[in-house]
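Each chain, written out:
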Amino acid sequence: MKLRDVFALAVRIAGLVSLLYMLASVVLLIGAGMPWQFVVKTIIWFAFSLWLLRGAPQLVRFAYPESE
């Protein structure tokens, strides 16, 4: 396994942890009412977590550029 593959796996794991943390915070705060700022933050966080789960190709390419 190359170092690039290990980094890509770490990015996906970070996405999973981020998604689980976001879901836990939504469950805890659902009873307190949802102001619009929280909803917007949750949508942005969810999109970022999905990007990380899909491997964040731009981030991996930036960290480990293709050799010429």
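Residues numbered from 1 in each chain as written. Predicted model: local features only at pLDDT ≥ 70, side-chain atom pairs only at ≥ 80, totals over all residues. Heavy atoms only, no water.

**Structural notes on the packing of aromatic side chains**
Enumeration according to the criterion identifies 3 aromatic pairs in this entry. Taking 5.9 Å as the distance between ring centres and 35° as the angle between the ring planes, the aromatic pair formed by Phe 48 and Trp 51 counts as tilted. Taken together, the residues span about one helical turn, with Phe 48 and Trp 51 both in helix H2 (residues 36-53) at a distance of 3 residues. For Trp 51, a relative accessible area of 32% gives the class partly exposed. (Phe/Tyr/Trp six-rings, centres within 6.5 Å; stacked < 30°, edge-to-face > 60°. Helix = DSSP H or I, 4+ residues; strand = E, 2+ residues; numbered from the N terminus. Buried < 20%, exposed > 50% of the residue type's maximum accessible area, 1.4 Å probe, protein only.)

**Comments concerning the side chain of Ser 18**
Positionally, Ser 18 belongs in helix H1 (residues 3-29). What Ser 18 contacts, discounting residues up to four positions off in sequence, is Trp 45 and Ser 49. (Contact = heavy atoms within 4.5 Å.)

**A word on the packing of H1 against H2**
Running from N to C, H1 and H2 cross one another at 155°; their axes reach a closest spacing of 7 Å. For the element pair H1 / H2, the angle class is roughly antiparallel. With respect to the hand of their crossing, H1 and H2 are arranged in left-handed fashion. Residues Val 11, Arg 12, Ala 14, Gly 15, Leu 16, Ser 18, Leu 19, Tyr 21, Met 22, Ser 25, Val 26 and Leu 29 of H1 touch H2, and the partners they reach there are Phe 38, Thr 42, Trp 45, Phe 46, Ser 49, Leu 52 and Leu 53. Of the residues contributing to the contact of H1 with H2, the split by class is 13 nonpolar, 5 polar and 1 charged. (Axes fitted to C-alpha atoms, helices over the stretch in contact; angles between N-to-C directions. Parallel < 35°, antiparallel > 145°, perpendicular 65-115°, else oblique. Left-handed = near helix turned anticlockwise from the far one by under 90°. Nonpolar A, V, L, I, M, F, W, Y, C, P; charged D, E, K, R; others polar.)

**Some thoughts on a nonpolar patch on the surface**
The grouping of Met 1, Leu 3, Val 6, Leu 9, Ile 13 and Val 17 at the surface amounts to a nonpolar patch, some 630 Å² of accessible area in total. Here Leu 3 lies in helix H1. Classification of Leu 3 as exposed rests on a relative accessible area of 57%. (Patch = residues over 30% accessible without salt bridge, like charges linked within 9 Å, V, L, I, M, F, W, Y side chains within 5 Å. Areas by Shrake-Rupley, 256 points an atom, 1.4 Å probe, with all protein chains shown as cover. Salt bridge = Lys/Arg side-chain N within 4 Å of Asp/Glu carboxyl O.)

**Let's talk about H2**
With 18 residues, H2 should cover 26 Å at 1.5 Å per step; its first-to-last C-alpha distance of 26 Å lies within 8% of that length. Those residues of H2 that are buried lie in contact with H1. In the segment just after H2, Gly 55 is the residue with positive phi, at about 105°. (Expected span 1.5 Å × (residues − 1).)

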